[in-house]
Amino acid sequence: MAIVSLTALALAATAMAQGSQTQVTWASVVYTYHGERIPFLHGGPYNLTPLGAQQALNAGQVIRDRYISAPANGTQLTTAMPINGLSVNDINNSQMEVLSLSDEYITASALAFMQGLYPQRSTSSEVVDEESILGNGSLVQFPLEGYQYPNLGTVSTLDFNYIWLGGNIGCTNYSINQVNTLASQSFTNIMTANEGFYQSLAPSVFWSFDPSIVNLGNAYTLYEYALFQYTHNKTVYESLSTANLTHLRTLASYQQWLFNTPPSASTNNVNAIAGQTLATHMFTQLSKNIASGGTSDKLSLLFGSFQPMLSFFALSGLSKGRSASSFQGLPKYGSSMSFELFSYVPRRQGRNLTVTFPDTQDLWVRFLFRNGTSDTDPMVAYPLFGRGNSEVDMSWKDFAAGISTFAVDDVSEWCNSCNSVNLFCQAIESNMKNSSSTTIGGSSSKGLPAWAAGLIGATVVLGLFIIGAVALCLLGFRVDQREKKNSGSGSANGDISVLKRSGSGGFKGAEKLASDTDLALKTGAGATVIRHERVGSWELNESPVSPGTRTHGSLDKEVESERVVSGADYSRRSEDGLGEHPVKPVEHV
């Protein structure tokens with residue numbers, strides 16, 4: 001009882017002290033879920049929709065209202081907490097990090113978001129800068145009525161930095177765990193219990209699909225399609241009840257929660273790897289701001305899919321307690337979660353640019369979440385790590401201690417946890433075998449970090465190979481590919497197999513190869529969960545097999561985590577569907 005009383009007194013004292021002070025925000029890291037896209041069951045191209053762009057725009061406007069400049073007439077969605085020294089009218093890319101996964105609908109969401117964060121500037125209503133005035137006295141503005149250009153960084157799976165935004169992508173053990181989840185008796189039982197519900201929607205919503213794929217194993221992909229049709233198709237809007245749409249979302253949330261959160265009473269966190277890597281980068285960005293005395297990395301804007309959000313909700317304790325219902329389901333398109341770093345100063349100082357950056361013991365962190373982009377979706381602060389509702393603000397020391405319990409230390413830890421076959425993981429592993437360094441952050445004898453030395457070595461080898469190939473071509477060397485005359489398997493492969501590299505699809509290529517087959521997993525409930533299996537890829541070090549019968553779409557759009565539910569997933573994407581049209585499986589497992 002005495003301990004409780006002392007704690008209560010301490011909290012009351014802190015509240016009183018803060019009541020006579022005002023907040024100075026030094027930095028914020030914001031992660032935003034992309035806007036509505038064309039669903040993969042609908043058929044490509046899988047672009048951001050106009051509605052999705054508006055959702056991302058609105059998300060950016062609300063972040064502007066909080067961290068840059070509140071509108072003159074105020075806002076009911078958030079309280080203005082401007083970041084100290086952050087440019088108000090003109091975008092200053094040196095103050096920010098804007099990082100996105102390379103999927104088109106995610107990068108487009110980032111651009112729409114930035115339009116809301118730093119809208120177009122008009123010479124008639126905004127402050128006129130020197131560069132806007134010509135020698136003859138006339139004014140000139142950027143195109144599109146003063147459009148501002150953000151420095152947007154995009155990362156693919158060839159860049160190890162992608163793991164900070166999509167740690168589940170290319171994570172072999174993550175995909176294997178999905179297979180194990182689908183094969184579990186508990187999942188099979190729930191799949192069987194909901195079979196009738198899914199089939200009841202086949203005539204009105206899923207009429208064009210093979211009935212064998214309309215099941216809980218494809219819950220997210222089916223919900224995404226149904227939501228899109230409900231939003232854009234008048235017939236479906238009138239025939240699909242809101243209750244049934246809500247139930248589809250509930251089942252999709254159940255499936256994705258199992259895929260992206262740690263099993264109960266388990267120390268195996270690879271399911272939540274996306275939340276672990278996101279936490280690492282978020283913490284790194286705030287630390288950079290502290291190290292610079294509040295002058296750099298003032299606003300970090302990250303864009304990806306929903307998996308990191310679900311994982312973080314579970315890891316940070318948000319999915320438990322009084323507000324658990326807000327963090328146990330799929331977030332809405334355009335949702336944002338923010339981590340802001342701030343301190344307090346006497347109220348008379350206000351928010352001015354001369355405030356001295358405080359010591360770390362005087363820094364605080366607050367988590368905010370906005371689920372959706374409607375006028376009724378405000379930014380709300382929530383306590384982390386099982387703290388009480390009165391402890392929304394936590395000291396930097398406590399925040400760092402909480403994050404350290406699940407954040408990954410470095411890229412090599414991610415590679416080991418995932419058992420990944422990405423090129424940078426192979427370079428790191430090779431370098432660490434030949435280096436005396438014990439961690440990825442250690443330095444080699446030349447003073448380079450181990451991971452940098454490994455990547456440089458891989459690049460040098462690749463460069464020498466290219467130079468050698470060019471020299472052979474100049475000397476007239478040629479490789480002829482000849483068909484085997486007697487091939488019992490029907491293969492058209494010649495004596496030398498060549499892996500072709502597409503211009504946009506990485507080393508695997510963007511298009512589906514003839515050697516790729518569709519596998520249909522027969523679950524205990526007798527339903528089919530379709531996945532796309534790449535056979536003969538460089539990751540597996542195997543030669544291609546007989547050609548399949550289906551070609552369509554981009555492979556990168558084919559294989560993603562919502563539907564890839566067996567075997568290892570070597571895809572680039574963070575989300576998935578079944579391609580342009582559902583297909584009959586040509587192979588059964």
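If you're wondering where the values come from, they're calculated on a predicted model, not measured in any experiment.

*Asks:* How should the overall build of the chain be read in this particular structure?
*Replies:* Assigned secondary structure in the chain consists of 17 helices and eleven strands. Put simply, the chain has 589 residues, and 51% of those count as buried. Taking as baseline every contact in the chain between residues at least 6 positions apart, the subset at least 24 positions apart corresponds to 72%. Total accessible area on the chain is roughly 26900 Å²; 55% of this is exposed by carbon and sulfur atoms.

*Asks:* How do you make sense of the side chain of S335 when you look at a structure like this?
*Replies:* If you trace the backbone, S335 turns up in the loop between α12 (307-315) and β5 (336-346). On the basis of relative accessibility, which here comes to 0%, the residue S335 falls in the buried class. In this structure the side chain of S335 is engaged in a polar contact, spanning 2.6 Å, whose partner is the backbone oxygen of K332. When near neighbours in sequence (up to four residues on either side) are disregarded, S335 contacts Y31, T32, Y33, M309, F369, R370, N371 and G372.

*Asks:* What is the right way to read helix α14 (residues 411-418) from this model?
*Replies:* Residues that lie three or four places apart on an α-helix share one face, since the helix turns once every 3.6 residues. Those residues of α14 that sit buried are V411, S412, W414, C415 and C418. End-on view of α14: buried residues confined to an arc of 160°, all on one side of the axis.

*Asks:* I would appreciate a short explanation of the packing of aromatic side chains in the present structure.
*Replies:* Centre distance and the angle of the planes are the two values used to describe a pair of aromatic rings. Following the criterion strictly, the structure yields 34 aromatic pairs and no others. For the ring pair Y344 and W364, a centre distance of 6.5 Å and an interplane angle of 70° mean the geometry is edge-to-face. Of this pair, Y344 sits in strand β5 while W364 sits in strand β6 (residues 364-370), placing them 20 residues apart in sequence. Taken together, the ring pairs connect F283, F312, F339, F367, F385, W396, F399 and F406 into an aromatic cluster. The ring of Y105 has R37 sitting right over it, with the charged end atom 4.9 Å from the ring centre. When the ring centre of F342 is taken as reference, the NZ or CZ atom of R366 above it lies at 4.2 Å.

*Asks:* Is there a simple way to explain unusual backbone geometry in this structure?
*Replies:* With glycine set apart, most residues show a phi of negative sign, and most peptide bonds adopt trans. The amide bond that connects G44 to the next residue, P45, takes the cis arrangement and shows omega of 0°. The residue P45 is located in the loop between β1 (21-33) and α2 (50-67) in this model.

*Asks:* Whenever I open this one, the packing of α2 against helix α3 (residues 104-117) confuses me. Can you help?
*Replies:* Between two packed helices, both the angle of their axes relative to each other and the distance between the axes serve to describe the pair. Two elements in contact, α2 and α3, have axes whose closest approach is 6 Å; the angle formed by their N-to-C orientations is 40°. With respect to their mutual orientation, α2 and α3 come out oblique. As α2 packs across α3, the resulting crossing turns out to be right-handed. Here A53, A56, L57, A59, G60, Q61, I63 and R64 of α2 come into contact with α3, specifically with S109, A112, F113, Q115, G116 and L117. Grouping the amino acids of the contact of α2 with α3 by side-chain chemistry returns eight nonpolar, five polar and one charged.

*Asks:* I tried to follow the nonpolar core on my own but got confused; where do I start?
*Replies:* Here is a general trend for soluble globular proteins: nonpolar side chains tend to be buried in one another's company. Counting 118 residues, the largest nonpolar core has L117, F206, F312, M337, F367, F399 and W414 as the members making the most contacts within it. At eight residues, helix α8 (residues 219-232) tops the list of elements feeding residues into this core. Filtering out sequence-adjacent residues up to four positions away, M337 remains in contact with V29, V30, Y31, L278, P308, M309, F312, F313, F367, L368 and F369.

*Asks:* Got a minute to help me understand the environment of M394 in this structure?
*Replies:* Its place among the elements puts M394 in strand β8 (residues 394-395). Judged by relative accessible area, which is 2%, M394 ranks as buried. Remark: the alpha-carbon pair of M394 and P383, spanning eleven residues in sequence, is separated by 8.2 Å. Residue contacts for M394: discarding those within four places in its chain leaves W364, V365, L384, F385, R387 and F399.

*Asks:* Would you mind going over the packing of α8 against helix α10 (residues 242-260) with me for this structure?
*Replies:* Running from N to C, α8 and α10 point in directions that differ by 150°, and their axes come no closer than 8 Å. It follows from the interaxial angle that α8 and α10 lie roughly antiparallel. As for how α8 packs across α10, the hand of that crossing is left-handed. Residues A219, Y220, Y223, A226, L227 and Y230 of α8 lie in contact with α10, whose contacting residues are T242, L245, L248, R249, L251, A252, Q255 and Q256. Among the residues forming the contact of α8 with α10, the class breakdown is ten nonpolar, three polar and one charged.

*Asks:* What's the story with the pairing of β5 in this structure? I'm lost.
*Replies:* Along a regular strand, successive side chains alternate from one face of the sheet to the other. Burial within β5 is extensive, with ten of its eleven residues counted as buried. In this sheet, β5 lies alongside β1 in antiparallel orientation, the contact comprising eleven bridges. Considered in β5, the bridge of V30 is made with S338. Pairing geometry for β5 and β6, over seven bridges, is antiparallel. Considered in β6, the bridge of F342 is made with W364.

*Asks:* Even after reading the chapter, I still don't get the side chain of T261, so can you show me in this structure?
*Replies:* Checked against the element boundaries, T261 lands in the loop between α10 and α11 (273-291). From its side chain, T261 meets the backbone oxygen of W257 in a polar contact 2.5 Å long. The residues contacting T261, other than those within four sequence positions of it, are N271, A272, L310 and A314.

*Asks:* How do you make sense of the confidence of the model for the chain when you look at a structure like this?
*Replies:* Any region with low pLDDT has predicted coordinates that should not be read closely. A residue-level look at the chain finds 67% of positions with pLDDT of 70 or above and a mean pLDDT of 76. Averaged pLDDT values over the elements of the chain bottom out at 35 in helix α17 (residues 555-558) and peak at 98 in strand β4 (residues 299-304). A low-confidence stretch, residues 481-520 stays under pLDDT 50, and its non-local contacts, those more than four residues away or across chains, total 93 contacts. In the predicted structure, residues 532-589 sits below a pLDDT of 50 and forms 234 contacts with residues beyond four places in sequence or in another chain.

Cut-offs applied
- Residues numbered from 1 in each chain as written.
- Predicted model: local features only at pLDDT ≥ 70, side-chain atom pairs only at ≥ 80, totals over all residues.
- Heavy atoms only, no water.
- Helix = DSSP H or I, 4+ residues; strand = E, 2+ residues; numbered from the N terminus.
- Buried < 20%, exposed > 50% of the residue type's maximum accessible area, 1.4 Å probe, protein only.
- Contact = heavy atoms within 4.5 Å.
- Areas by Shrake-Rupley, 256 points an atom, 1.4 Å probe, with all protein chains shown as cover.
- Polar contact = N/O pair within 3.5 Å; in protein donor to acceptor, adjacent residues only side chain to side chain.
- Arc of directions from axis to C-beta.
- Phe/Tyr/Trp six-rings, centres within 6.5 Å; stacked < 30°, edge-to-face > 60°.
- Lys NZ or Arg CZ within 6 Å of the ring centre and 35° of its normal.
- Axes fitted to C-alpha atoms, helices over the stretch in contact; angles between N-to-C directions.
- Parallel < 35°, antiparallel > 145°, perpendicular 65-115°, else oblique.
- Left-handed = near helix turned anticlockwise from the far one by under 90°.
- Nonpolar A, V, L, I, M, F, W, Y, C, P; charged D, E, K, R; others polar.
- Core = buried A, V, L, I, M, F, W, Y, C linked by side-chain atoms within 4.5 Å.
- Pairing = 2+ DSSP bridges.
- pLDDT = per-residue confidence, 0-100.

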